[in-house]
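# Understanding the architecture of this molecule
Single-letter residue listing:
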Amino acid sequence: MPSGNLVTAPVSDLADMLRTLQPERLPGEFVYVTWPETKPRPDVPILATVREAEGETLVLRAADAEALGLPIHLRAAWITLNVHSDLAACGLTAAFSRVLADAGVSCNVLAGTYHDHLLVPAEQADKALAALIELQRGAETRDNQCRNCLAILTGPSCAQCGQARFVEADRRMSHLVRQFFDNLTSLDSRFWRSLLGLMFRPGLLTRDYLDGRRQRWMAPVSLFLLANVLYFFAPAINDFELPFGDQVPGAMALAANPALQSLDEPRRERMRQNSGQIHSSWTANWVTRRVAERDAAARSEDPSSGYSVADYARAYDARSADVSKLLIIMHVPMMALMSMLVLWFRRRYFAEHMVVSLHLFAFVLMVTMTVLLPIEYLVRWTGWPIESGMFKLVFPALIVGYSAITFRRSFDLGWLAAIATALMVLAGLLIGNVLIYRFVQFAIIFALT
Ligand SMILES: [Zn+2]
């Protein structure tokens, strides 16, 4: 019920609207009643009507409705927000309904051209008015607006962007220091939780990710990259790093490594029979050609010098460890592809198989660094009598077991299906490693050396 004689330009900025909210309770009580459309309207002031399929809703003064003997659906207090809010403005309704909801007040909104009118249960009128006045006061002092996104605050932190309510103390040094430690420890807690979950509860992170429970854990890519970075700085000890001697035919490997000349003749003969990797038969020619070019170039400058396969092998091996560690990432999509093929009937997204692979690989890298590497050093330094062959069996078994549990948990497979899936995926990965990875690794290092 606007007074009508105070028409001003409509306000559309949310902060301005809240600062000039001016909630005002009209005297008396008001009621919701229903009225059959066919019947002529009662001869009392009708404050609002809503026409619905079931009939017409009228808002009347309580006294009028009582005089007419009409059944009353809601007995309400009428609060007008005197701000001249633009009909097209955004956020005002959301702002006051949020503070009213927080105060436990139910609220029916009628919007007029000039103002919003709130019909709240009569017994809650004081509570509602207090909440609205508080909302206006907050806007006047800018206390209830999120400094970050300007959303209206109803609690200690912003419901929209999550930033904590800004207070004067946040300008001080103590805040800067506390924030630093908060960030450090929150990163720490999520990091450690993810790491321990990854190591000791196979498949848990993956299943949570697939089911959409993602807040607790580090993102799969971050976890993998972190493991990768740690791995990058760890000494290389496993088969991902293929030195020159493993990438070329045995005869060339023999020529490249003077130390091998001391081997007995039968073993050297066995090496000469070894044709190396699948790609070696033709990539060996690349090496031969390059060594010949460099040899010729060296001799043209100084006839007494030269360049041998051994020189090239040394340069190659100086690069291979780092390149291999970077290229390990290639295995992740290869594994995801295998997993997708094997579990095709599950109809999952490729990205979901990527997550499985990222977690599995993060695990492999972490185990390599935390278990394999220390044992390797222990054996090397103390001469601890452990057959390294044992690890060559235990480690793959561990990976197969871990993968099987991960597949079982992630895709609700039975034990047999999970183990079969793990074996097939890992076998596929091995094939990908032999056919693709080894060649790409060689080609890249060759290009760089
Ligand atoms: Zn915010």
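Now for a description of the structure that goes with this document. (Residues numbered from 1 in each chain as written. Predicted model: local features only at pLDDT ≥ 70, side-chain atom pairs only at ≥ 80, totals over all residues.)

This part covers the overall build of the chain. Looking only at helices and strands, the chain features 16 helices and 7 strands. Its C-alpha atoms give the chain a radius of gyration of 37 Å, more than 25% over the compact-globule value 22 Å for 449 residues. The dimensions of the chain, computed from C-alpha atoms along their principal axes, are 120 × 55 × 45 Å. Sorting the 449 residues of the chain into buried and exposed places 27% on the buried side. Considering only residue pairs separated by 6 or more positions, the chain has 67% of its internal contacts joining residues 24 or more positions apart. (Helix = DSSP H or I, 4+ residues; strand = E, 2+ residues; numbered from the N terminus. Rg over C-alpha atoms; globule rule 2.2 N^0.38 Å. Buried ≥ 20, exposed ≤ 12 C-beta atoms within 10 Å, placed from the backbone. Contact = placed C-beta atoms within 7 Å.)

Okay, the pairing of strand β3 (residues 48–52) next. Burial within β3 is sparse, with just 0 of its 5 residues counted as buried. The hairpin formed by β3 and strand β4 (residues 55–61) contains 2 residues between the paired strands. (Pairing = 2+ DSSP bridges.)

Our next topic: the packing of helix α3 (residues 92–102) against helix α4 (residues 125–140). Here α3 crosses α4 at 130°, and the two axes come no closer than 9 Å. Here α3 lies oblique to α4, going by the angle between them. For α3 against α4, the interelement crossing comes out right-handed. Contact residues: A95, F96, V99 and L100 in α3; A128, A131, L132 and L135 in α4. (Axes fitted to C-alpha atoms, helices over the stretch in contact; angles between N-to-C directions. Parallel < 35°, antiparallel > 145°, perpendicular 65-115°, else oblique. Left-handed = near helix turned anticlockwise from the far one by under 90°.)

A positive phi angle is found at Q22, which is not glycine, with a value near 45°. Considering the arrangement of structural elements, one finds Q22 in the loop between α1 (14–19) and β1 (23–25). The backbone of D412 sits at a positive phi, close to 55°, despite the residue not being glycine. Relative to the helices and strands, D412 is located in the loop between α15 (388–411) and α16 (415–448). Given 11 C-beta atoms within a 10 Å radius, D412 is considered exposed.

Another point: the nonpolar core. Note on soluble globular proteins: their nonpolar side chains tend to be buried together. V120, A128 and L135 are the most contacted members of the largest nonpolar core, which has 35 residues in total. Among the elements of the structure, α1, β2 (30–35), β4, β5 (74–81), α3, β7 (116–121) and α4 are those that each provide at least two residues to this core. (Core = buried A, V, L, I, M, F, W, Y, C linked by C-beta atoms within 7 Å.)

Put simply, helix α13 (residues 331–342) and helix α14 (residues 350–382) touch, their axes get as near as 8 Å, and they point 125° apart. With respect to α14, the axis of α13 lies oblique. Note that α13 runs across α14; the crossing there is right-handed. Of α14, the residues touching α13 (which contributes H331, V332, P333, M335, A336, S339 and M340) are F350, H353, M354, V356, S357, L358, L360 and F361. Among the residues forming the contact of α13 with α14, the class breakdown is 11 nonpolar, 4 polar and no charged. (Nonpolar A, V, L, I, M, F, W, Y, C, P; charged D, E, K, R; others polar.)

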